[in-house]
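Per-entry structural report
Spelled out from the first residue to the last, the chains are:
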Amino acid sequence: MDKFVINGGRKLHGDVRISGAKNAAVAIIPAAILAEDICRIENVPNINDVTSIARILQEMGAVIRMVNKSTLEIDSRHINSPVASYDLVRHMRASYYLLGALLGRFSHAKVALPGGCNFGVRPIDQHLKGFMALGAEYKLEGGMVNVSADHLTGNNVYLDVVSVGATMNIMLAAVKADGMTVIENAAREPHIVDLANFLNSMGADVRGAGTDIIKIRGVKQMKGATYSIIPDQIEAGTYMAAVAAAGGDITVHDVIPKHLESITAKLEEMGVEITEYDEAIRVVREKPLAKCNIKTMPHPGFPTDMQPQIAAVLCLADGTSIINENVWDNRFRYVEELRRLGAQISVDGKIAVIEGVKELVGAPVKAMDLRAGAAMVVAGLAARGVTEIENIEYIERGYENIVEKLQGLGADIRRVYFPEASVAQAL
Ligand code: EPU
């Protein structure tokens, strides 16, 4: 078993480059199915979730060529089955995008119910509601979702909850439907705009992405395209949180500063100095941290995917901070782990109250999910002494070369194989 071993308490200095956005890539790669042609996708992050979705497409008959370490060429002409294999799919939340993409291409899709990080009930009722509005029917059998339509026809779909996944999945199913689909109360995340731009570059007609009303006029055919994925807002935010917690002066490159505004605003409130450039952001933390309150909301609100990392920073702020988690039911499972490092946090339902402490002290902890794991890294970098993080496969689902990138900033972090190596030998 591998763990991350961090010898914390060192300030971070230097430059880090951000990879392509995970949550855009996991939708854009399946979207390539719609083209029945060759798509070249650039700035693809080299992470386990991307490898998994690419393998699923390969198993279905797609030919995938790695042009270089961040460019994939997907030839989906020979996919002739709308069924995605159970074993690969069930571990991945984002496998639900195969439903929309296969439905769009074949009017039929059979995909395992999604897996992924476990932080509360993760229904797909809004996705299915959208597919039904377009004329599809669905059955759940043997752990698989089976969706099919004689013919997909555009329609109005009002989402009862603002859902990133449902918005993107309905877009995927609707791009080749007959007539106009209107998604109301749509999610507005940057990766929704990215998917719309990719679909449009393949010949689709999607307008309004980035607002809460998206209009999709169905087209008869789509063609291959070359497209570059946007930078990962949450990966960038995680490095910003890391320097906020550990102190120092770093520049985060290859970002879109506008996508980081809600994170920047909160870090500034905490006393972190931030300078924005065209495609980079400098983050300096010299002064003690001030408390602040956070409420997670769909974009442009503060992203739930940054909530655990920012909580790790607030553990070291002066005074009491309150976090209100408004998106997921159970996203405080990391709190118990942060307590092992000396954090003082209490949780009541969707609210966490953090009493800032003078220092955190290293300890063995577990990554409970992807962003919970990122929070352990942020806290471990700031903590005095050694923090060992278990279950790092969660972290590696979403962060490309996190160890190397942090080492580049001067952090003392290593990936160590246990049980052979004891911590003492590793250091
Ligand atoms: N919801 C429903 N019904 C649905 C769909 C969602 O009730 O049919 C509820 C969910 O239970 C949740 C809320 O709506 O309370 C928002 O869920 P959403 O559908 O927006 O989430 P998602 O699409 O499943 C994506 C990201 C998550 C991120 C959320 C919110 C991917 C693959 N996942 O999930 O990312 O937390 O949006 O921004 O894009 C992560 O990267 O760590 C991660 C978990």
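Since we're looking at a predicted model, the values are computed, not measured.

**A look at the domain arrangement of the protein chain**
Entries for the protein chain in the domain assignment read domain 1 (2–19 + 231–426) and domain 2 (22–228). Each of domain 1 and domain 2 has a C-alpha centre, and the two are 30 Å apart. With 24 residues of domain 1 at the interface, the matching set in domain 2 holds 21 residues. Approximately 1,900 Å² of surface area, both sides summed, lies buried where domain 1 meets domain 2, with 53% of it carried by carbon and sulfur atoms. Taken as a group, His299, Trp328 and Arg397 account for 35% of the area that domain 1 buries against domain 2, more than any other trio of residues on that side. In this structure, the connection of domain 1 to domain 2 is made through one salt bridge. Where arginine 397 meets aspartate 49, a salt bridge forms, and the shortest distance between an N and an O atom there is 3.0 Å. At the surface where domain 1 touches domain 2, the tally comes to five residue pairs in polar contact (both at pLDDT 80 or more). Of all the elements in the fold, those that place two or more residues in the side of domain 1 that touches domain 2 are α12 (370–382) and α13 (392–396).

**A look at the packing of aromatic side chains**
Throughout the structure, instances matching the rule amount to three aromatic pairs. With a centroid separation of 4.7 Å and an interplanar angle of 90 degrees, the aromatic rings of tyrosine 96 and tyrosine 97 are classed as edge-to-face. Exposure remark for tyrosine 96: the relative accessible area of 10% places this residue in the buried category. For the pair phenylalanine 198 and tyrosine 227, a centre-to-centre distance of 5.5 Å together with 50 degrees between the ring planes defines the contact as tilted. Note that phenylalanine 198 is positioned in helix α7 (residues 190–201) and tyrosine 227 in strand β13 (residues 226–228), a separation of 29 residues in sequence. Note on accessibility: phenylalanine 198 and tyrosine 227 belong to one class, buried. It is lysine 3 that lies over the ring of phenylalanine 418; its NZ or CZ is 4.3 Å from the centre.

Parameters and conventions
Residues numbered from 1 in each chain as written. Predicted model: local features only at pLDDT ≥ 70, side-chain atom pairs only at ≥ 80, totals over all residues. Heavy atoms only, no water. Domains from an automatic or database assignment. Contact = heavy atoms within 4.5 Å. Buried area = accessible area lost by both parts, 1.4 Å probe. Salt bridge = Lys/Arg side-chain N within 4 Å of Asp/Glu carboxyl O. Polar contact = N/O pair within 3.5 Å; in protein donor to acceptor, adjacent residues only side chain to side chain. Helix = DSSP H or I, 4+ residues; strand = E, 2+ residues; numbered from the N terminus. Phe/Tyr/Trp six-rings, centres within 6.5 Å; stacked < 30°, edge-to-face > 60°. Buried < 20%, exposed > 50% of the residue type's maximum accessible area, 1.4 Å probe, protein only. Lys NZ or Arg CZ within 6 Å of the ring centre and 35° of its normal.

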